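Observations on chain architecture
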Amino acid sequence: MSRFGKIARRSFLIGSAAVVGGVAFGVYKAKTPFPNPNLDDLAPGSASFNPWVIIDSDKITLIAPHADKGQGIFSAQAAMIAEELDVALDDVEISFGVPDRAYYNTAAMDAMAGYPMYDNSPAAERMRGVLGGVIKLVMPMMATGGSSAIPDSYDKLREAGAIARETLKLAASQNTGVPVDQLKTEGGAVLFPDGSAVKYTELAELASTIDPVTDVTLRDPKEWKILGKPMKRADMVAKSTGTLQYGIDFRTEGMLHATVKMNPRQGGALNSYDASAAENMRGVKKILPVQNGVAVVADNTWRAIQAANTITFDWGPAPYPAEQDDHWHTLAGAFSEEFLNADARTVGDAGAAEGTSVIGEYRSPYLAHAPLEPLNATVLVTDDRVDIWTGHQIQTMLEQRVADITGHDVENVHLHNMFMGGSFGHRLEFGFVDQAAEIANQIRGTPVQLTYSREEDFAHDYPRHITMGRGVAKVKDGKVNALDVQIAGQSVMKSQMGRIGMSLPGPDAQLHEGAWDAPYFNLLNLRVRSYAVENLAPVSSWRAVGAGPNVFIYETLLDEAIHAAGADPLMERIRLMGHEPSVKVLEAVGDMCNWAGADLGNGRGRGVAYGFSFGVPVATIVEVVNTDDAIKLEKVWVAGDVGKVIDPVNLDNLAKGGTVFGLGHAMNCEITYSDGMAEQANYYDFEAMRLNQCPEIEFRALENGEKIRGFGEPPIPPSAPALGNAIFAATGKRIREMPFNKHIDFV
Amino acid sequence: MKLTVNGTPHEVSVEEDMPLLWVLRDELGVTGVKYGCGVAQCGACTVTLNGEAVRSCQVPAADLEGAEVTTIEGLGTPDNLHIVQQAWEKHQVAQCGYCQSGQIMQAAAFLSQNPNPTDADIDDAMSGNLCRCGTYPRIREAVKDAASMLQGA
Ligand code: FES
Ligand code: FES
């Protein structure tokens, strides 16, 4: 048995994450880099100094391996390399590269070390280091998720740029005899003391013959020319001219179009079907079985969808309660030792604490991801190799799954990762790629593009997990004295990992994330417990995952307590807060809206909420006005601390977009089940926010945090409770259930 | 039937009820126009038909005889951006970008009819176009900026 196989038989628990393997091999092994995949088919005369930089005689190529779902990481990765390499982004090519373990993500594991993300103590850091090392040895996974792409890339990519730069200088020095320390670099060229210059591309051939210089020092951010300054994203012109190719736009000679119909009672059996009407429809080439469903292959996507809609099915029942009420009943019955997921946090004694009680029960529904580009994947299987064109967040694992389906060696399975028209967690799932591979494997030699209809995409979304919260707060002497927060939810990690054959033997940290680690350290009495149920609808990570529902529960209960105490919602939060960067975001957002001095008048209200997720503190204030009989969102202020800003423009876009996303779903969206099927089929049932409901949003970035962080998810959690708290301030009506439009109308 | 797409004449032979969206994407290979919902809910498929913004998923092939269709590719090119595209680039509007072909086509057609819109006009004109990434604040800025650029032009 191989060494990997032996390690894999042991497993141990760190924090809430089960990690297969052991630490016996030592961190030093984990630090040895994987071989550079670019060297495999490098053209003669080209140089690749590391997995991220390739230079040949006519161009410089930067590899940006993290998947881009819209968050702008394609451009940001290239900018990090370019900053140290001294090249302009306009003068380079940027590529997603080929999936390889060399691009494994260590930062994604940081959240799983069992320590709050603000804890940078030696013990916490050691555990994160160990986790990163273990992952590298047993499962070096190339993945984009958990707002980890920026922290994962920040040092590695700047180092990659610096290594390439220093190696090119060494080559120039060897060529001319000018000592390296007299050489400078600028604009993709090495500059000599006499003012002459030689382009990197001219040095590529020589540089390819020398060992890369690895002893490099990163520049002080004060010297940055690209990073930290407003940037133009590299994909912006293409996305504004219809020239960017998403997965769904991929075209190749002889390609056919397919669609699938799967049991809308997710995971239920396919008993029988009748496709006789579809068989003779125009353009239909084949009707093929796939696991638990049927595919129609045609010469046009619309024809495939039309034909699929004529197939009649006898589907088996859902392996979970058929009716939505029973999902809520299951959660309501889960607040007991039997379902205990974790005693996540105990400070003082919340049960015995003195004060007047404030009691609430909170609900957060299932939510579809519904990115605007429907799920799709194009696959070509031949006897020798498999090619896949799709956008996916877990690239290396995807290749292995397809290899298992088609029977090829994984070395012969090639994913060409594509830009995604959104994901929000949808493209962490594998089902659509499995099905495309199953179809293509039955028509080897013919490339086939599988596209889900929007309706099929809704029916087969694995939504955000359903959550119920119960809270008791105690208030005394005008202050919040205790919070007891209990959260019951469908275990999202168990459900998601179960679909890829992995188990989660420990508790699911997502069921208390954002509540157990909210750094209100001056709260004297606190208890956070979570309860896990299984066997409800299959669920998946949805942008911000557990922190979304949990921060809604925590911050709504806290707000109720603060109002009961007669305290100021912002000042009391600041008083309770014990984490300096978090105090600063609360103060910033208060300053931005002139919280203390504003005279709002009748019918207007402001609500504040704070959320800590993925290492990022965010504070949001929403102002609403109660017009005749509907609520109008007027203005929102958001402050967040990412440690270090890479691109202030893109960060601003993410802050506002994330806030719109959080608000829109809190206002207008839920997925409910009836007869085992999702009742919502298209955007008319699931609108989130449209432009007419969008408030003016102002954002301020802070840089007090110790570490650099990603911002794709952190704006989401505080937005919903800030809105609910604002509605209370404006109307006196406390809404404890999302979507809010079940309880109040919006303009 | 015969139709013109971005100035190029084409002849296609398809079912009468095949939507223009799929004629463009799967018959003619014009992929800047996007499929999002198929039921007039998202606007990702917006093109202009004889100068009017339409949801191409709702226009059957039967209505296309002699039609002049413009898609995002025909509005401007990376080297020669239309004013609305310039505004989109200037304001760095896109995140995933999947909705933006439709947003830009909607904005361009709207501004050509209403070159001096109020905020309420913009909200009315643009609310049929969903953006799942939530780029609405930048869409508003870009539309306003494009309006003033068009007036200066
Ligand atoms: S695809 Fe036509 S409006 Fe959505
Ligand atoms: S930018 Fe992603 S849907 Fe609009």
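Here is what the cut-offs are and how they apply
- Residues numbered from 1 in each chain as written.
- Chains lettered and ligands numbered in written order.
- Predicted model: local features only at pLDDT ≥ 70, side-chain atom pairs only at ≥ 80, totals over all residues.
- Heavy atoms only, no water.
- Helix = DSSP H or I, 4+ residues; strand = E, 2+ residues; numbered from the N terminus.
- Buried < 20%, exposed > 50% of the residue type's maximum accessible area, 1.4 Å probe, protein only.
- Pairing = 2+ DSSP bridges.
- Axes fitted to C-alpha atoms, helices over the stretch in contact; angles between N-to-C directions.
- Contact = heavy atoms within 4.5 Å.
- Patch = residues over 30% accessible without salt bridge, like charges linked within 9 Å, V, L, I, M, F, W, Y side chains within 5 Å.
- Areas by Shrake-Rupley, 256 points an atom, 1.4 Å probe, with all protein chains shown as cover.
- Salt bridge = Lys/Arg side-chain N within 4 Å of Asp/Glu carboxyl O.
- Lys, Arg positive; Asp, Glu negative; His and termini not counted.
- Charge placed at Lys NZ, Arg CZ, Asp CG, Glu CD.
- Polar contact = N/O pair within 3.5 Å; in protein donor to acceptor, adjacent residues only side chain to side chain.
- Domains from an automatic or database assignment.
- Buried area = accessible area lost by both parts, 1.4 Å probe.
- Nonpolar A, V, L, I, M, F, W, Y, C, P; charged D, E, K, R; others polar.

- The name an unreviewed UniProt entry assigns to chain B is Isoquinoline 1-oxidoreductase subunit alpha, from the organism Tritonibacter multivorans.

- Going by the annotation in an unreviewed UniProt entry, the name recorded for chain A is Isoquinoline 1-oxidoreductase subunit beta, with Tritonibacter multivorans given as the source organism.

**Some points on unusual backbone geometry**
Residues and elements named next belong to chain A.
- In this chain, methionine 738 is followed by proline 739 through a cis amide linkage whose omega measures -5°.
- With phi around 65°, asparagine 292 is a residue other than glycine that occupies positive phi space.
- Note on placement: asparagine 292 falls in the loop between strand 12 (284-290) and strand 13 (293-298).
- Exposure remark for asparagine 292: the relative accessible area of 32% places this residue in the partly exposed category.
- Here asparagine 594, not a glycine, exhibits a phi torsion of approximately 55°, which is positive.
- Relative to the helices and strands, asparagine 594 is located in the loop between helix 17 (580-592) and strand 24 (604-613).

**Here we look at the sheet that holds strand 20 (residues 448-451) of chain A**
All names here are of chain A.
- What the 7 strands build is an open sheet, ordered 12-13-10-20-17-18-19; its pairing is mixed. Two strands close off the open sheet at either side, each with one partner strand: strand 12 and strand 19 (413-417). If you compare each strand with its neighbour and ignore which way they point, the axes differ by 20° on average.
- Bridge analysis of strand 17 (residues 376-381) against strand 20 gives 4 bridges, and the strand direction is antiparallel. Counterpart to valine 379 in the pairing with strand 20 is valine 448.
- The strands touched by helix 9 (residues 301-308) are strand 10 (256-262), strand 12, strand 13 and strand 20; relative to strand 10, the strand with the most contacts, the crossing angle is about 30°.
- Relative to the sheet, helix 12 (residues 431-442) contacts strand 10, strand 12, strand 13, strand 17, strand 18 (386-390) and strand 20, its axis offset from that of strand 17 by approximately 30°.

**Describing a negative patch on the surface**
- Taken together, the side chains of Glu323, Asp325, Asp326, Glu679 and Asp685 of chain A present a region of like negative charge at the surface.
- Note on glutamate 323 of chain A: relative accessible area 34%, which makes it partly exposed.

**Notes on the side chain of arginine 606 of chain A**
Residues and elements named next belong to chain A.
- With respect to the element layout, arginine 606 can be found in strand 24.
- Here the side chain of arginine 606 touches glutamate 623 through a polar contact of 2.9 Å, side chain to side chain.
- Apart from residues lying up to four places away in sequence, arginine 606 is in contact with Cys593, Asn594, Trp595, Ala598, Leu600, Ile621, Val622, Glu623, Trp637, Asn725, Ala726 and Ala729.

**Quick look at the domain arrangement of chain B**
All names here are of chain B.
- Under the domain assignment, chain B is made up of domain 1 (2-75) and domain 2 (83-150).
- The distance between the C-alpha centroids of domain 1 and domain 2 comes to 21 Å.
- The junction of domain 1 with domain 2 conceals about 1,300 Å² of combined surface from both sides, 57% of it contributed by carbon and sulfur atoms.
- Our enumeration of links across domain 1 and domain 2 arrives at 0 salt bridges.
- In this assembly, domain 1 and domain 2 are joined by 6 residue pairs in polar contact (both at pLDDT 80 or more).
- Every element with two or more residues in the side of domain 1 that touches domain 2 is listed here: strand 3 (46-49), strand 4 (52-55) and helix 2 (72-75).
- Here the residues of the side of domain 1 that touches domain 2 are counted per class, giving 7 nonpolar, 7 polar and 3 charged.

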